[in-house]
Amino acid sequence: MAGDPLYQDEDQFKRMAANPQIMNRLRRLQGLKFVTGLIALALIAAIWLNWRFG
């Protein structure tokens, strides 16, 4: 049986935030998202520059 998707257990969030392994993985994931965003922006800029001046 599936649980209520709107139910949020605050104690579980606090336990997860106190776990250094989970926080390290979240930081790494956030860094990867940032890097992929920068790469996407660079590709868009390269396409635009090629279209504009190429």
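For the structure itself, consult the block above.
My aim in this report is to walk through the structure given alongside it, one point at a time.

## A few points about the overall build of the protein chain
So, step 1. The helix and strand inventory of the protein chain stands at two helices and zero strands.
So, step 2. On C-alpha atoms alone, the protein chain measures out to a radius of gyration of 20 Å, which is more than a quarter above the 10 Å that the 2.2 N^0.38 rule sets for 54 residues.
So, step 3. With respect to the principal axes defined by its C-alpha atoms, the protein chain has extents near 55 × 30 × 15 Å.
So, step 4. Counting across all 54 residues of the protein chain, residues that qualify as buried make up 0%.
So, step 5. Positive and negative side-chain charges in the protein chain, numbering 7 and 4 respectively, have mean positions lying 19 Å apart.

## Here's the deal with a nonpolar patch on the surface
So, step 1. A cluster of nonpolar side chains, Phe34, Val35, Leu38, Ile39, Leu41, Leu43 and Ile44, forms an exposed patch at the surface whose accessible area comes to about 720 Å².
So, step 2. Tracing the backbone through its elements, the reader meets phenylalanine 34 in helix H2 (residues 20-53).

## A word on H2
So, step 1. Between the first and last C-alpha of H2 there are 49 Å, a value that for 34 residues agrees with the 50 Å anticipated at 1.5 Å per step.
So, step 2. The opening residue of H2, the one whose side-chain oxygen lies 3.1 Å from the backbone nitrogen of glutamine 21, is asparagine 19.

## Structural notes on the environment of aspartate 9
So, step 1. By secondary structure assignment, the location of aspartate 9 is in the segment before helix H1 (10-18).
So, step 2. A relative accessible area of 23% means that aspartate 9 is categorised as partly exposed.
So, step 3. A distance of 3.3 Å separates the side chain of aspartate 9 from the backbone nitrogen of aspartate 11, its partner in a polar contact.

What counts, and at which threshold
Residues numbered from 1 in each chain as written. Predicted model: local features only at pLDDT ≥ 70, side-chain atom pairs only at ≥ 80, totals over all residues. Heavy atoms only, no water. Helix = DSSP H or I, 4+ residues; strand = E, 2+ residues; numbered from the N terminus. Rg over C-alpha atoms; globule rule 2.2 N^0.38 Å. Buried < 20%, exposed > 50% of the residue type's maximum accessible area, 1.4 Å probe, protein only. Lys, Arg positive; Asp, Glu negative; His and termini not counted. Charge placed at Lys NZ, Arg CZ, Asp CG, Glu CD. Patch = residues over 30% accessible without salt bridge, like charges linked within 9 Å, V, L, I, M, F, W, Y side chains within 5 Å. Areas by Shrake-Rupley, 256 points an atom, 1.4 Å probe, with all protein chains shown as cover. Salt bridge = Lys/Arg side-chain N within 4 Å of Asp/Glu carboxyl O. Expected span 1.5 Å × (residues − 1). Polar contact = N/O pair within 3.5 Å; in protein donor to acceptor, adjacent residues only side chain to side chain.

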